[in-house]
Amino acid sequence: MIIWKTNKTIPKDTIDPIVSDIKKDDRSFRKEENFYSSYHLPVKDRPEEKLSPLYNDIILEGVTKLGLSGRSDLTVPYWMQIYEKGGGGHGFHMHFTGQEIISWVHFIRPTSKKCFYFIDGTGHQTYPHQHEGDFIMFPSWMMHGVDPNTEDEDRCVVAGNIIVNKIDSPRLVSTSYLVNENITLWETKIVDNIQKEESKK
């Protein structure tokens, strides 16, 4: 399930203002979800964008270990979610819609009780380690969810996806095209054939 992991804690004086700003923004809270999420905000308005240098470094380390660096064009959107005491959970779901190959969660302020889980085809739930600072990457097609927060503290995470715009190998080049929110097209070319054609010009 988890294909790469690390641990990076963030100082309290860095996180507190970000959490406060998200809670102050009415757009981040939806009654049907019962938790705060900057996912609903335009990227330019997301307070956690201040953490981009940290996430740039973490993502680079992860994709390098996974063999993606140097041969792919990636986009990495992310957002913060805050689950207050008595707040809602997040029913099981996946992040894959056509371009996402890796999803990730950074447990910035986990509760003492594990809430995040993976669920397999039989309905069995597995709760990975989720200590403060734990950062995990997993396939975007993995079903996962979050139990309601019943602890006396807020639960705070940052989640994101690694979207592949283009990826190559010695033989193939694959490129994705987002046509609209419902349609993604992939084009795969045989590199050797392209090189031969270009050499004849």
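Our structure is the block above this text.
Residues numbered from 1 in each chain as written. Predicted model: local features only at pLDDT ≥ 70, side-chain atom pairs only at ≥ 80, totals over all residues. Heavy atoms only, no water.

Caption draft 1: Structural context of the overall build of the protein chain. Scanning the protein chain from terminus to terminus reveals three helices and 14 strands. Principal-axis analysis of the C-alpha atoms gives the protein chain an extent of 70 × 40 × 30 Å. Counting across all 201 residues of the protein chain, residues that qualify as buried make up 42%. Put simply, of all contacts in the protein chain between residues at least 6 apart along the chain, 74% involve residues at least 24 apart. Carbon and sulfur atoms provide 53% of the accessible area of the protein chain, an area that totals close to 11300 Å². In the protein chain, 24 positive and 29 negative side-chain charges are present, and the distance between their average locations comes to 4 Å. (Helix = DSSP H or I, 4+ residues; strand = E, 2+ residues; numbered from the N terminus. Buried < 20%, exposed > 50% of the residue type's maximum accessible area, 1.4 Å probe, protein only. Contact = heavy atoms within 4.5 Å. Areas by Shrake-Rupley, 256 points an atom, 1.4 Å probe, with all protein chains shown as cover. Lys, Arg positive; Asp, Glu negative; His and termini not counted. Charge placed at Lys NZ, Arg CZ, Asp CG, Glu CD.)

Caption draft 2: A look at helix α2 (residues 52-65). For α2, which comprises 14 residues, the first-to-last C-alpha distance of 20 Å matches the rise-based estimate of 20 Å (1.5 Å per residue) to within 8%. Looking at α2, one finds that the buried residues are Y55, I58, I59, G62 and V63. Seen from one end, α2 has its buried residues packed into an arc of 125°, which puts them on one side. Of the exposed residues in α2, those oriented more than 90 degrees away from the buried face are P53, N56, D57 and K65. Along its buried surface, α2 packs onto β1 (4-7), β4 (72-75), β5 (78-83), β7 (100-109), β10 (134-139) and β12 (155-168). Positioned one or two residues after α2, G67 has a phi angle of 80°, which is positive. (Expected span 1.5 Å × (residues − 1). Arc of directions from axis to C-beta.)

Caption draft 3: Structural detail: the nonpolar core. Counting 26 residues, the largest nonpolar core has Y55, M80, W104, I108, F135 and M137 as the members making the most contacts within it. Of all the secondary-structure elements, those providing two or more residues to this core are α1 (12-24), α2, β5, β7, β10 and β12. Ranked by residue count, the leading element in this core is β12, at five residues. Among the nonpolar cores identified, the runner-up in size contains 14 residues, and Y83, I136, M142 and A159 belong to it. (Core = buried A, V, L, I, M, F, W, Y, C linked by side-chain atoms within 4.5 Å.)

Caption draft 4: Summary view of the layout of surface pockets. Roughly 520 Å³ of internal volume is contained in the largest pocket. As for the largest pocket, its lining consists of 26 residues, and the residues nearest its centre are Y39, W79, Q81, H95 and N161. With five residues, the single largest contributor to the lining of the largest pocket is β12. Class assignment for the residues of the lining of the largest pocket results in 12 nonpolar, nine polar and five charged. What the second largest pocket holds in volume is close to 160 Å³. Along the walls of the second largest pocket sit Y55, N56, I59, L60, V63, L68, S69, S72, L74, V76 and Y78, which together make up its complete lining. Only α2 and β4 provide two or more residues apiece to the lining of the second largest pocket. (1 Å grid on protein atoms, 1.4 Å probe; cavity = no way out; pocket = protein on both sides within 12 Å on 5 of 7 lines; lining within 4 Å. Points joined across faces, edges and corners; volume = space filled by probe spheres on them. Nonpolar A, V, L, I, M, F, W, Y, C, P; charged D, E, K, R; others polar.)

Caption draft 5: Spatial organisation of the packing of aromatic side chains. For the structure on display, the rule yields 14 aromatic pairs. Measuring from centroid to centroid gives 6.5 Å for Y55 and F135, while their planes differ by 35°, and the two rings are tilted. A residue pair is termed long-range when its members are at least 10 positions apart, and Y55 in helix α2 and F135 in strand β10 qualify at 80 residues. Each member of the pair, Y55 together with F135, is buried. Taken together, a centroid distance of 6.0 Å and an interplanar angle of 45° make the contact between Y78 and W104 tilted. Here Y78, found in strand β5, pairs with W104, found in strand β7; they are 26 residues apart in sequence, far enough to count as distant. (Phe/Tyr/Trp six-rings, centres within 6.5 Å; stacked < 30°, edge-to-face > 60°.)

Caption draft 6: Region of the structure containing the sheet that holds strand β9 (residues 125-126). Spatially, β6-β11-β8-β9 is the arrangement adopted by the four strands of the open sheet, whose pairing is antiparallel. A strand with exactly one partner marks an edge of an open sheet, and here the two such strands are β6 (90-93) and β9. Bridge analysis of strand β8 (residues 116-119) against β9 gives two bridges, and the strand direction is antiparallel. Within β9, the residue paired with I119 across the bridge is Q125. (Pairing = 2+ DSSP bridges.)

Caption draft 7: Summary view of the pattern of salt bridges. Throughout the structure, instances matching the rule amount to eight salt bridges. Its salt-bridge partner being D154, residue K23 comes within 2.6 Å of it at the nearest N-O pair. Taken as a pair, K23 in helix α1 and D154 in the loop between β11 (144-146) and β12 lie far apart in primary sequence, 131 residues in all. Taking the relative accessible area as the measure of exposure, D154 reaches 30% and is therefore partly exposed. (Salt bridge = Lys/Arg side-chain N within 4 Å of Asp/Glu carboxyl O.)

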